[in-house]
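# Structural features, examined
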Amino acid sequence: MVNGPSNILNVLEKDFREGKLEVLRHDIAYFIDEKTDRIRELLDERRAIPEFSAHSAETQLELALKEAILHSRILNPGSDARAQIEDIERHIWILGEKYDQPPDREQEALDWVRKFAASWREYRLLAILYVFEKNREQYLQRLKQTGAFDDIIEQ
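Keep in mind that this is a model prediction, so the values were computed, not measured. (Residues numbered from 1 in each chain as written. Predicted model: local features only at pLDDT ≥ 70, side-chain atom pairs only at ≥ 80, totals over all residues. Heavy atoms only, no water.)

When helices and strands are tallied, the chain shows 8 helices and 0 strands. Reading the chain from its N end, one meets helices and strands in the order α-α-α-α-α-α-α-α. Scaling as 2.2 N^0.38, a compact globule of 155 residues should have a C-alpha radius of gyration of about 15 Å, whereas the chain reaches 19 Å, well beyond that. Summarising its shape, the C-alpha atoms of the chain cover approximately 65 × 30 × 25 Å along the three principal directions. (Helix = DSSP H or I, 4+ residues; strand = E, 2+ residues; numbered from the N terminus. Rg over C-alpha atoms; globule rule 2.2 N^0.38 Å.)

In structure tokens, the structure reads:
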């Protein structure tokens, strides 16, 4: 596992450069399209908080989107499931190579869940936020284009 914030950031930067996080770029766009109503609800709830409403409209949109992502923790269920299965399959393949015999797939999949699922999910969430930051303007523009926030943007 990756230890420490700077190591995690280095891994994220490397994965981003190598295109390993590209699917997340599309999944964030999918999430915006699917969860616009929820993002709007969060925005409306938070605007009652003076500290929140003191921010610019664009910052409010960004914060509401990030909060929606953090609450959901999943951008695209199908994509998330495929990525998790790929990681489990990689784990099983490595064990097969290591021991030069086919492992018990079901047992090793359960073992992966016990040992690695929580850290996998944590890294994925950090990766989502990292990709968001790298493409921030594009996502905020996508939110604005939905028309669901016109009353806020015009203020």
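So that's the structure; there's more coming.
What follows covers the nonpolar core. Taken as a class, soluble globular proteins show a tendency for nonpolar side chains to be buried jointly. Membership of the largest hydrophobic core comes to 28 residues, with the highest contact counts inside it found for I28, I39, L65 and L143. Elements supplying a minimum of two residues to this core: helix 1 (5–17), helix 2 (22–46), helix 4 (57–72), helix 6 (105–134) and helix 7 (136–145). Once residues within four sequence positions are removed from consideration, I39 is found in contact with F31, I32, A64, L65, A68, L143 and F149. Residues A83, I92, A117 and W120 belong to the second largest nonpolar core, which totals 6 residues. (Core = buried A, V, L, I, M, F, W, Y, C linked by side-chain atoms within 4.5 Å. Buried < 20%, exposed > 50% of the residue type's maximum accessible area, 1.4 Å probe, protein only. Contact = heavy atoms within 4.5 Å.)

A word on the environment of I39. Along the chain, the position of I39 falls in helix 2. What makes I39 buried here is its relative accessible area of 0%. Placed 23 residues apart in sequence, I39 and E62 show a C-alpha to C-alpha distance of 9.6 Å.

To continue, consider the packing of helix 4 against helix 7. Running from amino to carboxyl end, helix 4 crosses helix 7 at an angle of 95 degrees, the nearest separation of the two axes being 10 Å. Relative to helix 7, helix 4 is oriented roughly perpendicular. Mapping the contact onto sequence places E58, L61, E62 and L65 in helix 4 and R136, E137, Y139, L140, L143 and K144 in helix 7. For the contact of helix 4 with helix 7, the per-class residue count stands at 5 nonpolar, no polar and 5 charged. (Axes fitted to C-alpha atoms, helices over the stretch in contact; angles between N-to-C directions. Parallel < 35°, antiparallel > 145°, perpendicular 65-115°, else oblique. Nonpolar A, V, L, I, M, F, W, Y, C, P; charged D, E, K, R; others polar.)

Here the structure, examined in full by the defined rule, presents 3 aromatic pairs. Ring geometry for W112 versus W120: centroids 6.3 Å apart, planes at 65 degrees, classification edge-to-face. Neither residue differs from the other here; W112 and W120 are each classed as buried. (Phe/Tyr/Trp six-rings, centres within 6.5 Å; stacked < 30°, edge-to-face > 60°.)

Before going further, it helps to spend a moment on the environment of D111. Here D111 is to be found in helix 6. For the pair D111 and H91, spaced 20 residues apart in the sequence, the C-alpha separation amounts to 9.7 Å.

So, about the pattern of salt bridges. Tallied over the full model, the rule gives 23 salt bridges. A salt bridge links R46 to E45; its shortest N-O distance comes to 3.4 Å. One connected set of salt bridges, linked through shared partners, spans E58, E62, K66, E133, R136, E137 and K144. (Salt bridge = Lys/Arg side-chain N within 4 Å of Asp/Glu carboxyl O.)

So, on to unusual backbone geometry. Leaving glycine out, the prevailing phi sign among residues is negative, and the prevailing peptide bond configuration is trans. Backbone geometry places R73, a non-glycine residue, at a positive phi of 65 degrees. R73 sits in the partly exposed class, given a relative accessible area of 36%. If you check the backbone angles, D100 has positive phi at about 55 degrees while not being a glycine. With respect to the helices and strands, the residue D100 is situated in the loop between helix 5 (77–99) and helix 6.

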